[in-house]
Amino acid sequence: MGRTRAYGSTSTTPFRVHPAVSRALADGQPVVALESTIITHGMPYPHNLNTALEVEAIVQAQGATPATVGVVRGRVHVGLSPDDLEDLARGDREASLKISRRDLPYAISQGLSGGTTVSGTMIAAHRVGIPVFVTGGIGGVHRGGEHSLDISADLTELGRTPVAVISAGVKSILDIGRTLEFLETQGVCVATYGQSNNFPAFFSPQSGFTSPYHVRDPEEAAKLIEGTLSLGLQSGLLIAVPICEEHAAVGQLIDDAIRTAVAEARLRHDRARKQPTSQRVRKSPESLSEITNPGSVCQSFGGVGRNIADSLSRLGHRGLFISAIGTDSHSEAVLNYCQHMNTSGIARLGDQKTATYCAVITQGGDYSLGLGDMDIHQHITEQYVSSFEKQLSSASLVCLDGNLPVSTIDYVCARAKELAVSILPSSLEDVLACALALSRPLLEHLCCLIVTLGSHGVLMCGLHDGNDSVDLRPRAGGRTRGRLCALHYAALPVTTEIVNVSGAGDSLAGGIMAGVLQGRDTDSCVRMGLLAARLSLATRHPINPLLCMDSVDPRKILSQAWPKPRFLWID
């Protein structure tokens, strides 16, 4: 995919080419350059490292060799080893440089390390013969740039370095119109990838501006790159790829938030200019109530009922998910994400907002604060749920989210009792304080009770099966007579960093129910649930997207020790 040059082994050049990249270039195989400021300055550890590895894996999956560019101890590495990636990801952000064309000479002369920007990466890619570079969003002309002349070096680099840059457009916080004008002045060919000329704004497929050209498919894009390089113009090419449809709704929300923030900032700036200087000076930082706390913001899809349906779907049981959403951008994002689930039971209500929940998670992964807007749940009425009576009557198991209206819960429980369907509750937070004491009256109506105890494990309560265990088999007509007992299972040790605890309980329930539906014994069911819960702790998603039967089958997790559960009678 370009000519290769023999750097990487000589001590007279600051460039070091990874052997895999050298081989690919020598063999004429496709190579894709990647930047590294996302690693050093874009995300906290370990998210930065995981993202870098995921991007490299995506490139490899498409048959190309990834060449992440970074500066390590004064050498420009084209292709980073796992140790180099780890070092850059863990490095001190204040000590690590953000390296553009301007910074390369100093970083090399001082033996420093840092991440390369679009500009720095283009220089390295061109130097070793890599014509294609993929990144997120390029820099541009800052808002007010006509006065400040704050213009990213990415733009001038595109005007003098013949590398094709594939990006999601220009970051939406910038002045996109002036950025496109500046690129035109620099002689940079700009094209949108897709069926239209709409120029994307990173988070949004449309910025309100258009590209001069567009390419419809990979073949047209390749011809454009080949044509650009064959002319010997010494200028680059920008191909802007809009955000995919699956994430467009979420992206639009972020873009709207950026626009709102920019408008508020401009308004505050105007007010500050009108305020007497003496008042602005006297206003100390301690007196300001509008303090922004630094952190990482991400969006995921949750809710107890949705999480359990998601978990079961990934474990081979695609049950009907009955719920309600609005007709807003959140609803589109939910439906796109949940395509692997049976969502035919979801009502779309035009006058309601899709339920949202904002959770503040500490650096250690623990829950700190939550704010929920879930009024739409009150519209999952008895009348609506009754339209699925046929599906309810044929179900092996019915799971209820405790956020439903009481009348809806009463209706489902009554119908399930008439139709001899087993019911397993999913929201029993009030039981945690005194699990055994409260489980006794509940078990008059339920076959089994799952009590999550956090770091202390799980308590399974139900009928004694005659072998010092709890009988988890679904049975018609609710609870039968017999002695009640409980089993306490210790929590599994967690050896990886805890990213998010919000989906562990739902993953636990999904894993246990999958085992019940497969007819497994009680110990196996609980172990499946515990393994699913531990998987969820390592991802920002409530249900780990990698969840599958192989990942929670105790018979295949040979390295896991399983202590004997403690048996307790319930009097």
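Cut-offs applied
- Residues numbered from 1 in each chain as written.
- Predicted model: local features only at pLDDT ≥ 70, side-chain atom pairs only at ≥ 80, totals over all residues.
- Heavy atoms only, no water.
- Phe/Tyr/Trp six-rings, centres within 6.5 Å; stacked < 30°, edge-to-face > 60°.
- Buried < 20%, exposed > 50% of the residue type's maximum accessible area, 1.4 Å probe, protein only.
- Pairing = 2+ DSSP bridges.
- Helix = DSSP H or I, 4+ residues; strand = E, 2+ residues; numbered from the N terminus.
- Axes fitted to C-alpha atoms, helices over the stretch in contact; angles between N-to-C directions.
- Salt bridge = Lys/Arg side-chain N within 4 Å of Asp/Glu carboxyl O.
- pLDDT = per-residue confidence, 0-100.
- Contact = heavy atoms within 4.5 Å.
- Parallel < 35°, antiparallel > 145°, perpendicular 65-115°, else oblique.
- Left-handed = near helix turned anticlockwise from the far one by under 90°.

*Asks:* Explain the packing of aromatic side chains here, please?
*Replies:* Aromatic ring pairs are described here by two measures, namely the spacing of the ring centres and the angle between the planes. Applying the stated criterion to the full structure yields 4 aromatic pairs. The interplanar angle of 75 degrees and the centroid separation of 5.3 Å between the aromatic rings of Y384 and F388 together place this pair among those described as edge-to-face. A centroid spacing of 4.9 Å and a plane angle of 85 degrees characterise the contact between F567 and W569, whose relative ring orientation is edge-to-face. Exposure remark for F567: the relative accessible area of 24% places this residue in the partly exposed category. According to the relative accessible area criterion, W569 is partly exposed, its value standing at 35%.

*Asks:* When you look at the sheet that holds strand β20 (residues 484–489) in this model, what are you seeing that I'm missing?
*Replies:* What links the strands of a sheet is backbone hydrogen bonding, and the strands pair in either a parallel or an antiparallel sense. An order of β18-β19-β20-β21 is seen for the 4 strands of this open sheet, with the pairing classed as antiparallel. Each edge of the sheet is formed by a strand with only one pairing partner; in this case those strands are β18 (448–452) and β21 (566–569). If you compare each strand with its neighbour and ignore which way they point, the axes differ by 20 degrees on average. Relative to β21, β20 runs antiparallel, the two being bridged by 4 bridges. Residue pairing for β21: A486 is matched across the bridge by L568.

*Asks:* Got a minute to help me understand the pattern of salt bridges in this structure?
*Replies:* Pairing between side chains of opposite charge can happen when the charged atoms of each approach one another. Per the stated rule, a full pass over the model turns up 13 salt bridges. Salt-bridge contacts for D550 lead to K556; the nearest nitrogen and oxygen are separated by 2.7 Å. Residue classification places D550 among the partly exposed residues on the basis of a relative accessible area of 46%. Residues participating in the shared-partner salt-bridge network are E146, D175 and R178.

*Asks:* Looking at this model, I keep getting lost on the confidence of the model for the protein. Mind explaining?
*Replies:* One rule of thumb: low pLDDT means the predicted coordinates there are not for detailed reading. With 86% of its residues at a pLDDT of 70 or more, the protein shows a mean pLDDT of 83. pLDDT under 50 marks residues 424–433. Its contacts with residues more than four places away, or in other chains, come to 26 contacts.

*Asks:* Honestly, the packing of helix α19 (residues 504–517) against helix α20 (residues 522–537) in this entry has me stumped. Any pointers?
*Replies:* Describing two packed helices takes the angle between their axes plus the distance from one axis to the other. Taken N-terminus to C-terminus, the directions of α19 and α20 make an angle of 150 degrees; their axes are 7 Å apart at the nearest point. Judged by the inter-axis angle, α19 sits roughly antiparallel to α20. In this structure, α19 meets α20 at a crossing whose hand is right-handed. Along its contact with α19, which presents A504, S507, L508, G511, I512, A514, G515 and V516, the element α20 presents C525, V526, M528, G529, L530, A532, A533, S536 and L537.

*Asks:* Sorry if this is basic, but what is going on with unusual backbone geometry here?
*Replies:* Backbone geometry follows two general trends: most residues other than glycine have a negative phi, and most peptide bonds adopt the trans configuration. A cis geometry characterises the amide bond from Y45 onward to P46, with omega recorded as 5 degrees. One can find P46 in the loop between α2 (37–42) and α3 (47–61). Phi angles above zero are rare outside glycine, and R73 is one such case at about 50 degrees. With respect to the helices and strands, R73 occurs in the loop between β3 (65–72) and β4 (75–78). What makes R73 exposed here is its relative accessible area of 56%. Despite not being glycine, D468 shows a phi value in the positive range, around 55 degrees.

*Asks:* Please explain helix α6 (residues 118–128) as it appears in this structure.
*Replies:* One turn of an α-helix holds 3.6 residues; hence residues three or four places apart share an orientation. Of all 11 residues making up α6, 9 are buried, and the element is well covered by its neighbours. The complete set of buried residues in α6 reads V118, S119, G120, T121, M122, I123, A124, A125 and V128. Of the residues one or two after α6, G129 is the one with positive phi, at around 90 degrees.

*Asks:* What should I look at first to understand the side chain of T408 in this one?
*Replies:* Counting through the fold element by element, T408 comes out in helix α17 (residues 406–419). Not counting the four nearest positions on each side in its chain, T408 is found in contact with I380, T381, E382 and V385.

*Asks:* Even after reading the chapter, I still don't get the pairing of strand β9 (residues 189–193), so can you show me in this structure?
*Replies:* Every regular strand shows the same layout, with side chains that alternate between the two sheet faces. Sheet topology places β9 next to strand β11 (residues 237–240); 4 bridges connect them, and they run parallel. Bridge pairing in β11 links V190 to L238. Bridge count between β9 and strand β10 (residues 213–215): 3 bridges; the pairing is parallel. Each bridged residue has a counterpart across the sheet, and for Y193 the counterpart in β10 is V215.

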